[in-house]
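Secondary and tertiary structure notes
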Amino acid sequence: IVGFDDYLTLTKLINDRGIKNVLELGTGIGASAAVMALSGARVITVEQYEKCVQIAKDLIPENLQKNIEFYREDVEVINSLPYQCFERFKKLPKGDFDLIVIDGPGPFEDANGFVVDLPGGDFIELLGTTKKGTLFYIDGRKPMVKLIFRFFSRYFEVLENTQSVTLLSRTDYIGKFEDGTIGVYDLLRNKFKEQGYL
């Protein structure tokens with residue numbers, strides 16, 4: 001749930017940068033979507049749990065819901081990097097977004113009854129569809145942020161990185177391979193190589 005600090009940060013971000021279109025991953029009960037809609041942004045919000053979508057629709061006033069589109073989407077596990085699995089929404093809405101807020105997907109139960117709790121991997125797909133200057137607001141999710149910094153640092157400029165929030169701005173780096181996949185640059189490997197271990 002959005003706290004007062006999150007409210008101030010999101011409101012200031014939207015107002016100062018003239019944010020018009022937001023993609024939010026992880027609706028929860030809709031608090032952050034309501035804050036962003038109240039600030040004048042058009043919000044498309046994606047959630048894995050129907051119960052959360054319904055609670056958000058019940059809690060958010062109708063006048064704010066005019067600026068919010070709700071999507072319920074299933075979650076899957078992907079293996080986009082060697083030795084690293086991610087969870088992501090199976091399908092993301094398309095659009096030209098100024099801001100992407102990542103606070104989902106959350107843990108889920110798989111077909112075998114195991115609870116899956118992995119770093120979010122939607123940012124990998126979004127790297128290929130966003131433009132220079134698109135902002136990524138990551139709420140907590142430090143394991144995911146660590147992977148972004150290690151493998152995808154060329155795609156972002158770090159604007160803020162605190163314990164609770166990471167704010168990144170998409171650079172103009174393209175870095176795609178011939179098959180269209182996103183290029184990976186391993187900072188840890190390069191550090192080891194510079195020190196003569198590899």
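That block above? That's the structure.
This is a predicted model, so every value here is computed, not measured.

Taken as a whole and judged by the stated rule, the model has eight aromatic pairs. Each ring, one from F192 and one from Y197, has its centre 6.0 Å from the other, and the planes form 65°; the classification is edge-to-face. Classification of F192 as partly exposed rests on a relative accessible area of 36%. When its relative accessible area of 63% is taken as the criterion, Y197 is described as exposed. Grouped by ring-pair contacts, the aromatic residues F86, F123, F151, F152, Y155 and Y173 constitute a single cluster. Above the ring of Y185, the side-chain terminus of R154 is found at 3.6 Å from the ring centroid.

Moving on, we come to the sheet that holds strand β2 (residues 42-47). Reading across from one edge, β3-β2-β1-β6-β9-β11-β10 is the order of the seven strands in this open sheet, with mixed pairing throughout. Edge positions in the sheet fall to β3 (68-72) and β10 (156-161), since each has one partner strand and no second. Within this sheet the neighbouring strands show an average axis-to-axis angle of 15°, counted without direction. Most of the contacts of helix α1 (residues 4-17) go to strand β9 (residues 135-139), to which it runs at about 175°, and overall it touches β6 (99-102), β9, β10 and β11 (165-170). Helix-sheet contacts for helix α3 (residues 50-59) involve β2 and β3, and the interaxial angle to β3 is about 160°.

We now examine helix α6 (residues 142-151). Structural remark: α-helix, 3.6 residues per turn; residues separated by three or four positions point the same way. Buried within α6 are the following residues: M144, V145, L147, I148 and F151. Viewed end-on, α6 has its buried residues packed into an arc of 160°, placing them on one side of the element. Those residues of α6 that are exposed and aimed more than 90 degrees away from the buried face are P143 and K146.

Right, let's talk about the nonpolar core for a bit. Membership of the largest hydrophobic core comes to 31 residues, with the highest contact counts inside it found for L23, L25, I102, F123 and F152. Of all the secondary structure elements, the ones that give two or more residues to this core are β1 (21-25), β2, β4 (75-81), β5 (84-89), β6, α5 (122-127), β9 and α6. Broken down by element, the residue count for this core peaks at five residues, all from α6. Not counting chain neighbours up to four residues away, the residues in contact with F152 comprise L81, F123, I124, L127, L147, I182, G183, V184 and Y185. Core analysis: the next-biggest nonpolar cluster, separate from the first, contains 24 residues, L10, I14, F70 and V101 among them.

Right, let's get into the pairing of β4. In the sheet, β4 pairs with β5 via five bridges, with the strands oriented antiparallel. Considered in β5, the bridge of E76 is made with R88. Following β4, the chain reverses through two residues before pairing antiparallel with β5; Y83 in that reversal takes a positive phi of roughly 65°.

Cut-offs and rules
Residues numbered from 1 in each chain as written. Predicted model: local features only at pLDDT ≥ 70, side-chain atom pairs only at ≥ 80, totals over all residues. Heavy atoms only, no water. Phe/Tyr/Trp six-rings, centres within 6.5 Å; stacked < 30°, edge-to-face > 60°. Buried < 20%, exposed > 50% of the residue type's maximum accessible area, 1.4 Å probe, protein only. Lys NZ or Arg CZ within 6 Å of the ring centre and 35° of its normal. Pairing = 2+ DSSP bridges. Helix = DSSP H or I, 4+ residues; strand = E, 2+ residues; numbered from the N terminus. Axes fitted to C-alpha atoms, helices over the stretch in contact; angles between N-to-C directions. Contact = heavy atoms within 4.5 Å. Arc of directions from axis to C-beta. Core = buried A, V, L, I, M, F, W, Y, C linked by side-chain atoms within 4.5 Å.

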